[in-house]
Number of protein chains: 2
Amino acid sequence: MKAKVYVTLKSGVLDPQGKAVEQALHALGFKEVGGVRIGKYLEIALDGGTRDEAEHRVREMCEKLLANLIIEDYRLEIVP
Amino acid sequence: MKAKVYVTLKSGVLDPQGKAVEQALHALGFKEVGGVRIGKYLEIALDGGTRDEAEHRVREMCEKLLANLIIEDYRLEIVP
């Protein structure tokens, strides 16, 4: 089984990396870009267990290690 | 309109950041983790244009700036 995890900054949290990419896109002529936010995307391979167990465990991984819940949100998908 | 872009390392390219997260998860007791690959997730706000134009332009952004096509793949979604 595999989990796909998306970790994004909460809205309202400054994203200097996103701002830098936005300015670089403008400089390249992509004037239609109104804003860029950058997050992390993780693919985690999991051995054994059911879908529900996997979801529960990956949620635990996010809360303990993968996301900083003060400034970040996460969202996950379990795929076979 | 908004674009969601996922940039991932090509398979076969070493991912030391993913390896470090994998080891940290093992150390925390998540022994079922078989591997971790880490990529980037970008949300890009776009002003005006049609869906097809947006997709074409974002593909151009990926090839010029957002992804390093030697070692990375990208995938994108356009959402209203």
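Just above, that's the structure.
Residues numbered from 1 in each chain as written. Chains lettered and ligands numbered in written order. Predicted model: local features only at pLDDT ≥ 70, side-chain atom pairs only at ≥ 80, totals over all residues. Heavy atoms only, no water.

Peer 1: Sorry if this is basic, but what is going on with the pairing of strand β1 (residues 2-9) of chain A here?
Peer 2: Sheet faces and side chains relate simply in a regular strand, where the side chains alternate between the two faces. All names here are of chain A. As paired strands, β1 and strand β2 (residues 33-46) are joined by six bridges and run antiparallel to one another. Along β2, the bridge assignment pairs Val5 with Leu42. Judged from the eight bridges that link them, β1 and strand β3 (residues 72-79) form a sheet pairing that is antiparallel. Across the sheet, the residue bridging to Lys4 is Glu77, located in β3. (Pairing = 2+ DSSP bridges. Helix = DSSP H or I, 4+ residues; strand = E, 2+ residues; numbered from the N terminus.)

Peer 1: When you look at the interface of chain A and chain B in this model, what are you seeing that I'm missing?
Peer 2: Interfaces are often described in size by the accessible area the parts lose on coming together. Contacts between the two partners involve 33 residues from chain A and, on the opposite side, 33 residues from chain B. The junction of chain A with chain B conceals about 2,800 Å² of combined surface from both sides, 64% of it contributed by carbon and sulfur atoms. By the criterion of area lost to chain B, the three top residues of chain A are Phe30, Glu32 and Tyr41 of chain A, representing 22% of everything that side buries. As a salt-bridge pair, Arg57 of chain A and Glu32 of chain B come within 2.7 Å of each other at their nearest N and O atoms. Contributing elements (two or more residues each) for the side of chain A that touches chain B: β1, α1 (16-27), β2 and α2 (51-66) of chain A. (Contact = heavy atoms within 4.5 Å. Buried area = accessible area lost by both parts, 1.4 Å probe. Salt bridge = Lys/Arg side-chain N within 4 Å of Asp/Glu carboxyl O.)

Peer 1: Help me understand the pattern of salt bridges in this model?
Peer 2: Applying the stated criterion across every chain, the model contains 14 salt bridges over all chains. One salt bridge in this structure joins Lys64 of chain A and Glu60 of chain A, with 3.6 Å as the shortest N-O distance. Highlighted residues: Lys64 of chain A and Glu60 of chain A, both in helix α2, separated by four residues, approximately one helical turn. In this structure, Glu43 of chain B and Lys2 of chain B form a salt bridge, with 3.8 Å as the shortest nitrogen-oxygen distance. Of this pair, Glu43 of chain B sits in strand β2 (residues 33-46) while Lys2 of chain B is found in strand β1 (residues 2-9), placing the two residues 41 residues apart along the sequence.

Peer 1: How do you make sense of the relation of the copies chain A and chain B when you look at a structure like this?
Peer 2: Related by rotation about an axis and a shift along that axis, the two copies of the chain form a pair. If you rotate chain A by 180 degrees and push it 0.0 Å along the axis, it lands on chain B with an RMSD of 0.0 Å. Within this description, the copies of the chain are treated as partners about a two-fold rotation axis. For chain A, the residue whose C-alpha comes nearest the rotation axis is Lys40 of chain A, separated from it by 2.4 Å. When the interface residues of chain A are mapped onto chain B, 100% of them are again interface residues, pointing to one common binding face. (Least-squares fit on C-alpha atoms with pLDDT ≥ 70 in both.)

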